[in-house]
Structure formats: C-alpha cells, structure tokens
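# Observations on the model geometry
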Amino acid sequence: NAGVTQTPKFQVLKTGQSMTLQCAQDMNHEYMSWYRQDPGMGLRLIHYSVGAGITDQGEVPNGYNVSRSTTEDFPLRLLSAAPSQTSVYFCASSYSGTAISGANVLTFGAGSRLTVL
Amino acid sequence: QQQVKQSPQSLIVQKGGISIINCAYENTAFDYFPWYQQFPGKGPALLIAIRPDVSEKKEGRFTISFNKSAKQFSLHIMDSQPGDSATYFCAAKTDSWGKFQFGAGTQVVVTP
C-alpha cells in the first residue's frame, strides 16, 4: 500500500518555465489537496478537490492550476515559474464526509522540493 | 493572515522534560483540532487530535489541552525523548471536506 506518492522529489526550474508536480494515491480517497510549506508560514492550501472533475481554490492559488480527471491523480501545474514559488510542496488526501472518521485524517506525501532560479 | 496562530517557533528541551506548544484560533466554526508531526525530509503525519466538546485528550506521552472559551489549545509532550525532535503543526478544520488551516509550526529539539 503506497499511500500518497509525489514526483519528482526535487526540481530546479528557471523563471518562466512550466512544470507539473505529480500526485497519486491508492486509498480511494475522495479528497485531495496541495499545500506549500515555507519557513515561518506553516502549510498553506493551494488547491483542493472533493472528487473527480471537481476542484476549488485554497488560500494561495495564484500561479498554479490543477485538474482531477481520476480519483487517484491530482497533478499541480506551475504555468510560468517565479522565484516566489520556491517551496516544498505537499500533496495530501483523505476520505470526505462528516460521517466517516477518516475524513479528519490527512495523509501526506513525502513532498516535492522546488527551486526557481 | 493565518487563522491559527502557533507559538513558539522553536523549542529546545532536555531529555525527560516537558515540551509545550500553544495554538490560538478565532473562527468558532472550527470543529476538529489535530496536531501533526513532521520529521526532516518527510511529510507531516497525524499525531493526536481533539474535538471542542472535550477539554483534554491523552495518548501515551502526548496530551492535548483544549480551552473552548479562550479559543486556545496546546500540545504537551511529557518525558520528551530525542526521537521527539521534529516540527509540530497545530491545525483546525471547519467543514466535511478536510479543508484544514495550519499553524506556522514549532521546531522541537530534544537534547540528550
């Protein structure tokens, strides 16, 4: 059982380049999300999805796009990378619905460290 | 603007001591308050959690204290061990979709 798998683990980009961070989960979780972690800022929600075909913005969505074509995958796209997007990115998933206790447990991937020069 | 304020930013405690991390929130709609533990190079993992109808929850050496009227909650690590050295995040959740607000994190170092 792999849980949440993120690729790549490390990436260096030049300003203006685009790339996609991949996230896949094998737990049949409806809810998936992307966070960025910066020193002193904690984890900030970028985008999230409550099921295939449904996505919504978090608190820091600018410069990022997402899509959810399958339950398992939730890629994060950087359209035109900027140095301010240098960060560690985490994908997390959970069940949804208040009736299920698992909705309160986020399972995180190991992270993707992105540097934009 | 962070909806969950966490302090201190860092903490050094001797082995066997008590580590205390505090969090405060404003949104009274929050209904679930977890703590996540993160080791270097890893993703955060759920450590312990509490709901606002309970004032304290204990799991082993980890205890959450919750003060609903003050809108504050804290994590106590008793008998701290070097293996507890990690970054700890408090969080709060408002709705059924797992949309969490995280604190800024506290780096805890336990010295031998």
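Please read all numbers here as calculations on a predicted model, not as lab measurements.

Next up on the list: the state of the cysteines. By definition, a disulfide links the sulfur atoms of two cysteine residues through a covalent bond. All names here are of chain A. All chains considered together, the criterion is met by two disulfides over all chains. A disulfide bridge connects Cys 23 with Cys 91, and the sulfur atoms are separated by 1.9 Å. Here Cys 23 and Cys 91 share a disulfide; its torsion about the S-S bond, -70°, makes the bridge left-handed. Pair noted here: Cys 23 is in strand E3 (residues 19-25) and Cys 91 is in strand E9 (residues 87-94), with a separation of 68 residues, a long-range link. Accessibility expressed as a relative area gives 2% for Cys 23, which makes it buried. Judged by relative accessible area, Cys 91 falls into the buried class, the value being 0%.

Glancing now at unusual backbone geometry. Look at the link from Thr 7 of chain A to Pro 8 of chain A: it is a cis peptide, with omega at -5°. Checked against the element boundaries, Pro 8 of chain A lands in the loop between strand E1 (4-7) and strand E2 (10-13). Cis rather than trans, the peptide bond between Ser 7 of chain B and Pro 8 of chain B has omega equal to -5°. Tracing the chain through its elements places Pro 8 of chain B in the loop between strand E1 (4-7) and strand E2 (10-14).

Across the contact, 22 residues belong to chain A and 22 residues belong to chain B. Across the chain A to chain B interface the summed buried area is about 1800 Å²; carbon plus sulfur atoms make up 56%. Between chain A and chain B we count zero salt bridges in total. Joining chain A to chain B, the criterion identifies three residue pairs in polar contact (both at pLDDT 80 or more). Put simply, the parts of the chain that give the side of chain A that touches chain B at least two residues each are strand E4 (31-38) and strand E5 (42-51) of chain A. At five residues, the largest contribution of residues to the side of chain A that touches chain B is made by E5 of chain A. When grouped by side-chain class, the residues that make up the side of chain A that touches chain B number 13 nonpolar, eight polar and one charged.

Further remarks concern the pairing of E9 of chain A. All names here are of chain A. When you tally the buried positions in E9, you get eight out of eight residues, the bulk of the element. One ladder, built from seven bridges, connects E4 with E9; its direction is antiparallel. Looking across to E9, one finds that Arg 36 is bridged to Tyr 89. Note: E9 against strand E11 (residues 112-116), three bridges, orientation antiparallel. Along E11, the bridge assignment pairs Ser 87 with Leu 114.

Now for the sheet that holds strand E7 (residues 64-66) of chain A. Residue and element names in this part refer to chain A. Spatially, four strands are ordered E1-E3-E8-E7 in an open sheet, and the strand pairing comes out antiparallel. Looking at strand neighbours, the two that pair on one side only are E1 and E7, the edges of this open sheet. Neighbouring strand axes in the sheet, compared pairwise and without regard to direction, differ in orientation by 20° on average. Summarising the sheet, E3 and strand E8 (residues 76-78) pair through three bridges and their orientation is antiparallel. When the bridges of E8 are listed, Met 19 appears paired with Leu 78.

Criteria and cut-off values
- Residues numbered from 1 in each chain as written.
- Chains lettered and ligands numbered in written order.
- Predicted model: local features only at pLDDT ≥ 70, side-chain atom pairs only at ≥ 80, totals over all residues.
- Heavy atoms only, no water.
- Disulfide = S-S within 2.5 Å.
- Helix = DSSP H or I, 4+ residues; strand = E, 2+ residues; numbered from the N terminus.
- Buried < 20%, exposed > 50% of the residue type's maximum accessible area, 1.4 Å probe, protein only.
- Contact = heavy atoms within 4.5 Å.
- Buried area = accessible area lost by both parts, 1.4 Å probe.
- Salt bridge = Lys/Arg side-chain N within 4 Å of Asp/Glu carboxyl O.
- Polar contact = N/O pair within 3.5 Å; in protein donor to acceptor, adjacent residues only side chain to side chain.
- Nonpolar A, V, L, I, M, F, W, Y, C, P; charged D, E, K, R; others polar.
- Pairing = 2+ DSSP bridges.
- Axes fitted to C-alpha atoms, helices over the stretch in contact; angles between N-to-C directions.

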